[in-house]
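# Observations on chain architecture
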Amino acid sequence: MKSAVVVFPGSNRERDMAAALTKVSGTAPMMVWHQDTTLPDVDLVVLPGGFSYGDYLRSGAIAARSPIMAAVREKAAEGVRVLGVCNGFQILTEAGLLPGALMRNAGLKFVCREVKLSVANADTDFTRAYGAGAVLRCPVAHHDGNYFADPETLARLEGDGRVAFRYADGTNPNGSVNDIAGILNDAGTVLGMMPHPENLIEALHGGTDGRGLFESVVTTLAA
Ligand SMILES: NC(=O)CC[C@H](N)C(=O)O
């Protein structure tokens, strides 16, 4: 699987993401600077976590208007898979590639801890390696993870199975509506999620629950 990781000023999870992609897919991703205007020929584009532009204005708002985002939009329109984790999810909503918004955490505090995630739809390109109803451990680290969408959008997301992950067992760290932790676009090719699956890849991380997401994409693209 060929992949690219976009790096913005203030990104801080791009190396974790690159390590996870390399470990699971066997191929190192290409790292692309936000000022570039083209993306290489890849099967997956990843927007990593971090504090792009210092979270000024709103988390992800300035990055969503970076030169590279026109190319990300083009790839998404072609059906290339796009994954946004944490700040990457915020950038995808700010860019209009995913609906809704990530508001300040309900507790008004930065939250850094492990949560439980349930796989709300195991029939997606990003989740098929997990069984239906699987519950996994996953770390979160954010202050703007409180997912919100208007009732109409929410009904569409829920009705179309576009909620990929939910916080489980009362571990919702941010007050997101319907315990939403990750959502898909209409076509199921773009996933945004607040938790960090790239940080539970090998035994040294304390667990491997995050691997399934990357394995799902690898398997989907190999099929
Ligand atoms: N880990 C991250 O990507 C954090 C995203 C963003 N800076 C926030 O705190 O909400």
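Residues numbered from 1 in each chain as written. Predicted model: local features only at pLDDT ≥ 70, side-chain atom pairs only at ≥ 80, totals over all residues. Heavy atoms only, no water.

## Describing the overall build of the chain
The helix and strand inventory of the chain stands at five helices and 11 strands. Since a compact globule built from 223 residues should have a radius of gyration of about 17 Å, the 16 Å found for the chain is in line with a globular shape. Expressed as lengths along the three principal axes of its C-alpha atoms, the size of the chain is roughly 40 × 35 × 35 Å. Expressed as a percentage of its 223 residues, the buried residues of the chain come to 56%. Sequence-distant contacts, at least 24 apart, represent 74% of the contacts inside the chain between residues at least 6 apart. (Helix = DSSP H or I, 4+ residues; strand = E, 2+ residues; numbered from the N terminus. Rg over C-alpha atoms; globule rule 2.2 N^0.38 Å. Buried < 20%, exposed > 50% of the residue type's maximum accessible area, 1.4 Å probe, protein only. Contact = heavy atoms within 4.5 Å.)

## What about the pattern of salt bridges?
Counting across every chain of the model gives 13 salt bridges. When the shortest N-O distance is used, the salt bridge between Asp 144 and Arg 104 registers 2.6 Å. Within this pair, whereas Asp 144 is found in the loop between strand 7 (135–142) and strand 8 (146–148), its partner Arg 104 is found in the loop between strand 5 (101–103) and strand 6 (111–119), the two being separated by 40 residues in sequence. For Asp 123, the salt bridge is made with Arg 128, and the minimal N-O distance between the two is 3.3 Å. Of the residues examined, Arg 128 reaches a relative accessible area of 37% and is grouped as partly exposed. (Salt bridge = Lys/Arg side-chain N within 4 Å of Asp/Glu carboxyl O.)

## What to know about the packing of aromatic side chains
Taken as a whole and judged by the stated rule, the model has three aromatic pairs. Relative to Tyr 147, the ring of Phe 89 lies with its centre 5.9 Å away and its plane at 15 degrees, an arrangement referred to as stacked. Linking Phe 89 in helix 3 (residues 87–94) with Tyr 147 in strand 8, this pair joins segments that are 58 residues apart in sequence. Residue Phe 89 is classed as buried on the basis of its relative accessible area of 1%. (Phe/Tyr/Trp six-rings, centres within 6.5 Å; stacked < 30°, edge-to-face > 60°.)

## Points about the UniProt feature "active site" (unreviewed entry) in the chain
UniProt records the feature "active site" (unreviewed entry) for Cys 86, His 196 and Glu 198 in the present numbering. These annotated residues cover 113 residues of sequence, but their C-alpha atoms sit close together, with the largest distance between any two at 11.1 Å. Relative to the assigned elements, Cys 86 resides in the loop between strand 4 (81–85) and helix 3. If we skip the residues at most four places from it in the chain, Cys 86 touches Gly 49, Ala 141, His 142, Met 193, Met 194 and His 196. Take His 196: it is sitting in the loop between strand 11 (190–193) and helix 5 (211–222). (UniProt positions renumbered as here; feature names shortened; annotations may be inferred.)

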